[in-house]
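Examination of the molecular architecture
Here's the letter readout for the chains.
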Amino acid sequence: FFWLSLNVWLFWKTFLLYYQGLQYYYLHQMLGLGLCVSRASASVLNLNCCLVLLPMCRVLLAFLRGSQKVASRKTRRLLDKSKTFHVTCGITICIFSVLHVAAHLVNALNFSENYSEDFLALNAANYRGEDPRKLLFATVPGLTGVIMVLVLFLMCTASTYAIRVSNYDIFWYTHNLFFVFYMLLMLHVSGGVLKYQTNLEEHPPGCFNPNKTLLENMTVPKAFEETFPDYTTEPFPEDLSVPEPFVQNNFMRICSEEPKFQSHFPETWFWISGPLCLYCVERLYRYIRSNKPVTITSVISHPSNVLEVRMMKDDFKARPGQYVILHCPRVSALESHPFTLTMCPTDTKATFGVHLKVVGDWTERFRDLLLLHSNQDTEILPIFQQRRYPK
């Protein structure tokens, strides 16, 4: 509920900022609701791209789960639901990515049709009527956005249950494309297409600039050309018609200079840099820790395609109910799988073991490496094999 409330609040807060914010007045006039929806969905994407990495920090979660700092049983049970939270954040990223892309398609069309002759710095298009596809495929934000959509589509489709069961390798290798996704995300926000007004005091949005108006409508000889004075508060002449947005209490807001626009500093770095660095540090720590060799002492083949693998490792301690992550480079260079310990080491015995069900390609290849004859019938009695296994 807290996560859902945070998403709703962040979406609504960003939507109102771009809908009512004075610094986005001219940009909103050009793009309309597409601006508000694209930025609001981007805020939700930043939050979930930040949170989706945290459930994958297994060492950190295991430390919190087993430490006395987390005394509440409910909190520990929430930590056990880390995979469910990871999937929930992933689905949210997919949904709001569709909304974000749709809003930016509208923005690209509005940039082309509503090209501003008065505020050239605000335009993303080079001229009125420019093909919107150029904004999507010929700019850094557009091109990185298209590639990110393709990467996200591969990750989303390969994460379905049918593909994970039929070929886990496809799921695993496409899921590791998230590194590419995050690198493209950092490039995507560095384009600076959307700009805000910086001089709100000198130029209130929608104000009247007498210097510019008089200079445009009058021809002044060069010998007498002088800078017109800056007006601050003068009543607008009654005989001139003025649009409603520019009139407040029958007075015209006078500005002394033209609006100045500046690109936003990318905020996505603040959201994803911390979790991404934390995840990379943990992966490095797990890689260093896994360099200690594990010696397989015996393999027992049980009925119903179940293998019991007994192992030894120096300075390894475990608790009942703990799981270990098995990684066999000869089976897969990147793929690894968690298995619950069914035998824990003790003070007198250093052997520990796991039971694994042969249900996929990884476990099949792992069984073929462990057993001399993997096609034997094991439906009647367990078959015990003990030989010199490689480390």
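Residues numbered from 1 in each chain as written. Predicted model: local features only at pLDDT ≥ 70, side-chain atom pairs only at ≥ 80, totals over all residues. Heavy atoms only, no water.

**Considering a nonpolar patch on the surface**
Together, L54, L60, F63 and L278 make up a nonpolar patch on the protein surface, roughly 320 Å² of accessible area in all. Mapped onto the elements of the fold, L60 is located in helix 4 (residues 58–66). In this structure L60 comes out as partly exposed when scored by relative accessible area, which is 33%. (Patch = residues over 30% accessible without salt bridge, like charges linked within 9 Å, V, L, I, M, F, W, Y side chains within 5 Å. Areas by Shrake-Rupley, 256 points an atom, 1.4 Å probe, with all protein chains shown as cover. Salt bridge = Lys/Arg side-chain N within 4 Å of Asp/Glu carboxyl O. Helix = DSSP H or I, 4+ residues; strand = E, 2+ residues; numbered from the N terminus. Buried < 20%, exposed > 50% of the residue type's maximum accessible area, 1.4 Å probe, protein only.)

**Quick word on the side chain of S116**
Locating S116 in the fold gives a position in the loop between helix 6 (82–113) and helix 7 (132–137). In this structure the side chain of S116 is engaged in a polar contact, spanning 3.1 Å, whose partner is the backbone nitrogen of F119. Setting aside residues no more than four positions away along its own chain, S116 makes contact with M30 and N123. (Polar contact = N/O pair within 3.5 Å; in protein donor to acceptor, adjacent residues only side chain to side chain. Contact = heavy atoms within 4.5 Å.)

**Focus: the packing of aromatic side chains**
Aromatic rings considered in pairs are described by the distance between their centres and by the relative angle of their planes. By the definition in use, this model includes 19 aromatic pairs. Arranged with centres 5.1 Å apart and planes meeting at 25 degrees, the rings of W362 and F366 form a pair that is stacked. Of this pair, W362 and F366 both sit in helix 14 (residues 361–370), four residues apart, which is roughly one turn of that helix. This pair shows no difference in class: W362 is buried, exactly as F366 is. Ring pairs connect the aromatic residues F11, W12, F15, Y19 and F96, which therefore count as one cluster. (Phe/Tyr/Trp six-rings, centres within 6.5 Å; stacked < 30°, edge-to-face > 60°.)

**Topic: the confidence of the model for the protein chain**
Mean pLDDT for the protein chain: 81, with 82% of residues reaching 70 or above. No element of the protein chain has a lower mean pLDDT than strand 2 (residues 247–248), which averages 43, and none a higher one than helix 1 (residues 2–20), which averages 95. Considering only residues more than four positions removed or in separate chains, one finds that residues 376–381, a stretch of pLDDT under 50, has 13 contacts. (pLDDT = per-residue confidence, 0-100.)

**Side note on the UniProt feature "transmembrane region" (unreviewed entry) in the protein chain**
Cross-referencing UniProt, the feature "transmembrane region" (unreviewed entry) maps to residues 7–25, 45–64, 85–106, 135–158 and 170–189 in the present numbering. Span residues 135–158 is 92% helix and 0% strand, its end C-alpha atoms 30 Å apart. (UniProt positions renumbered as here; feature names shortened; annotations may be inferred.)

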